[in-house]
Amino acid sequence: MSSSLDTREAAGAPALLTNCGGIGFHNPVLTASGTFGYGQEFDALCSLRSLGGLVTKGISPSPRLGNPPPRICETAAGMLNSIGLENVGVEAFAREKLPFLRACGTRVLVNFFGTTFDEYVDCGARLAALDGVDGLEMNVSCPNIKAGGIEFGRDPSVLSDLVKACRAVIRKPLWVKLTPNTSDIVALARACADNGADAVSIINTITGMAIDVRTRRPKIATVFGGLSGPAIKPVALRMVYQVYRAKIGIPICGIGGIQDGNDAIEFLLAGASCVQVGTQSFVDPASAERIIREMEDYCRAQGVIDVRELVGGLAISQ
Ligand SMILES: Cc1cc2nc3c(=O)[nH]c(=O)nc-3n(C[C@H](O)[C@H](O)[C@H](O)COP(=O)(O)O)c2cc1C
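Model, not experiment: these values are computed from the prediction.

Draft legend 1. Spotlight on the overall build of the chain. Along the backbone of the chain there are 9 helices and 18 strands. In terms of principal-axis extent, the alpha carbons of the chain reach across some 55 × 45 × 45 Å. Across the 318 residues in the chain, those meeting the buried criterion constitute 48%. Long-range contacts, defined as pairs at least 24 residues apart, comprise 71% of the intrachain contacts of the chain with a sequence gap of at least 6.

Here you go:
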């Protein structure tokens, strides 16, 4: 896909090519939904074509304004957000954002969601029909209005029905992004695999809160928000490993607190076939690109010829 990649391969560089959930990537590093806009915002700040892929901001059938401010705050080793899934909606996405993405030179996954079953199915079907969309990532950490606001993705039987309904209308690779706000991540992953998902993305943010002691008010307007960044990496890694070990039959994309190449390698060793970089792009917009180089350096130093050798390579003495 890129000439610099061809040059590195010719020079005997480790192969970074990989495949996850029905999509081939020229390296295993993608950028995470909600932390990389619609791609174009980062065009002047990093080389999009050097990325394995990018995942767009979550798209819903109609535009959404999101939650009232303040909706982000910094925490120890991370951040809380309650953006409230602000986005332009399917129609404006197709008209205003997709033409750029079609030409950006990397794989494009569109993250999507709904507030009812019908909205999920409608949104997924419309997005999958668009030229330039390589695959879909379904965000199931969204409140189910008809079930009193409980996240769709928390109940394996609700999740099974949702994945089945979306699978029936989506003829492109379908990844499901799991919530970590559960006591049984394997049951959720299995619900996806058994109902036709092509991959699972693990994890979305962990519910948390923060208080301003001076005003005695919550630091974000909705009180609760999603915790992301380095603070969540050990939890994410544990969940990726649990799902990998359960052999559910579909690959994993690992997400959570990745800051550098070694963090990404940890996810591969735990069983992820590829990774997404999220909050770190706010610290350094070109971090995903740097992480790819650092993974390559690791492979070279460790004598790894093909990055896929690392997947699930965790050494454990039992
Ligand atoms: C500001 C912000 C917005 C996000 N928006 C979305 C979203 O629209 N859809 C989604 O599935 N995940 C969303 N996420 C979750 C991230 O994609 C990612 O799963 C999470 O932040 C953990 O990765 P990280 O620790 O590398 O940031 C968002 C995260 C942040 C920080």
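Draft legend 2. The arrangement of the packing of helix α3 (residues 117–128) against helix α4 (residues 156–169) in detail. Two elements in contact, α3 and α4, have axes separated by 9 Å at closest approach and are oriented at 30°. Of the possible angle classes, the one that applies to α3 and α4 is roughly parallel. Crossing handedness for the pair α3 and α4: right-handed. Within the contact between the two elements, α3 uses F117, Y120, V121, G124 and A125 and α4 uses L162, A165, C166 and V169.

Draft legend 3. Fine view of helix α5 (residues 185–193). With 7 of 9 residues buried, α5 lies mostly within the body of the structure. Looking only at α5, the buried set comprises I185, L188, A189, R190, A191, C192 and A193. As for α5, its buried residues are in contact with α4, β11 (174–177), β12 (199–202) and α6 (233–245).

Draft legend 4. Region of interest: the pairing of strand β17 (residues 252–255). Here β17 shows no split at all, with I252 and G254 on one side and C253 and I255 on the other all buried. Sheet topology places β12 next to β17; 3 bridges connect them, and they run parallel. The residue of β17 that forms the bridge with S201 is C253. Note that β17 and strand β18 (residues 274–277) share 3 bridges and pair parallel. Counted as the bridge partner of I255 is Q276 from β18.

Draft legend 5. Fine view of the site of the ligand. Taken together, the neighbourhood of the ligand is formed by 25 residues, with G34, G58, S228, G278 and T279 sitting nearest. Class assignment for the residues of the shell around the ligand results in 7 nonpolar, 16 polar and 2 charged.

Draft legend 6. Structural view of the sheet that holds strand β13 (residues 206–209). Reading across the sheet, the 4 strands line up as β5-β6-β16-β13 and stay open at both edges, with antiparallel pairing between neighbours. In this open sheet, the two edge strands, each paired with only one partner strand, are β5 (72–75) and β13. Strand-to-strand twist of the sheet, defined as the mean angle between neighbouring strand axes without regard to direction, takes the value 40°. Looking at chain direction, strand β6 (residues 78–81) and strand β16 (residues 224–228) are connected through 3 bridges and run antiparallel. By the bridge assignment for β16, N81 is matched with G226.

Draft legend 7. Spotlight on α6. Look at α6: 18 Å from first C-alpha to last across 13 residues, which is about the 18 Å you get at 1.5 Å a residue. Within the span of α6, buried status applies to K233, A236, L237, M239, V240, Y241, V243 and Y244. The inward-facing, buried residues of α6 abut α5, β12, β17 and α7 (261–270). Once α6 finishes, K247 follows within two positions and takes phi at roughly 50°, a positive value.

Draft legend 8. Looking closely at the packing of α5 against α6. Two elements in contact, α5 and α6, have axes whose closest approach is 9 Å; the angle formed by their N-to-C orientations is 55°. As judged from the angle between their axes, α5 and α6 are oblique. Of the two elements, α5 crosses α6, and the hand of that crossing is right-handed. Packed against α5, whose contacting residues are I185, V186 and A189, the element α6 presents M239, Q242 and V243 at the interface. A breakdown of the residues in the contact of α5 with α6 according to their chemical character gives 5 nonpolar, 1 polar and no charged.

Draft legend 9. Structural context of the environment of V140. Mapped onto the fold, V140 is located in the loop between β8 (135–139) and β9 (143–144). Judged by the 25 C-beta atoms lying within 10 Å of it, V140 falls in the buried class. Sequence separation of V140 and L162 is 22 residues, and the distance between their C-alpha atoms is 9.0 Å. When neighbours within four sequence positions are excluded, V140 is seen to be in contact with E151, F152, G153, L159, L162, V176, K177 and T179.

Draft legend 10. Quick peek at the nonpolar core. V200, I202 and V240 are the most contacted members of the largest nonpolar core, which has 88 residues in total. When residues of this core are assigned to their parent elements, the largest contribution, 7 residues, is made by α6. Residues contacting V200, with those up to four places away along its chain left out, are W175, V176, L178, A189, C192, V243, I250 and I252.

Draft legend 11. The arrangement of the pairing of β11 in detail. The side-chain alternation of β11 yields two buried faces, one formed by L174 and V176 and the other by W175 and K177. For β8 and β11, the ladder comprises 4 bridges, and the chain directions are parallel. The partner of L136 across the bridge, within β11, is L174. Each parallel crossover has a hand, and the one from β11 via α5 to β12 is right-handed.

Basis of the calculations
- Residues numbered from 1 in each chain as written.
- Predicted model: local features only at pLDDT ≥ 70, side-chain atom pairs only at ≥ 80, totals over all residues.
- Helix = DSSP H or I, 4+ residues; strand = E, 2+ residues; numbered from the N terminus.
- Buried ≥ 20, exposed ≤ 12 C-beta atoms within 10 Å, placed from the backbone.
- Contact = placed C-beta atoms within 7 Å.
- Axes fitted to C-alpha atoms, helices over the stretch in contact; angles between N-to-C directions.
- Parallel < 35°, antiparallel > 145°, perpendicular 65-115°, else oblique.
- Left-handed = near helix turned anticlockwise from the far one by under 90°.
- Pairing = 2+ DSSP bridges.
- Near = placed C-beta within 6 Å.
- Nonpolar A, V, L, I, M, F, W, Y, C, P; charged D, E, K, R; others polar.
- Expected span 1.5 Å × (residues − 1).
- Core = buried A, V, L, I, M, F, W, Y, C linked by C-beta atoms within 7 Å.
- Right-handed = clockwise from strand over helix to strand, strands pointing away.

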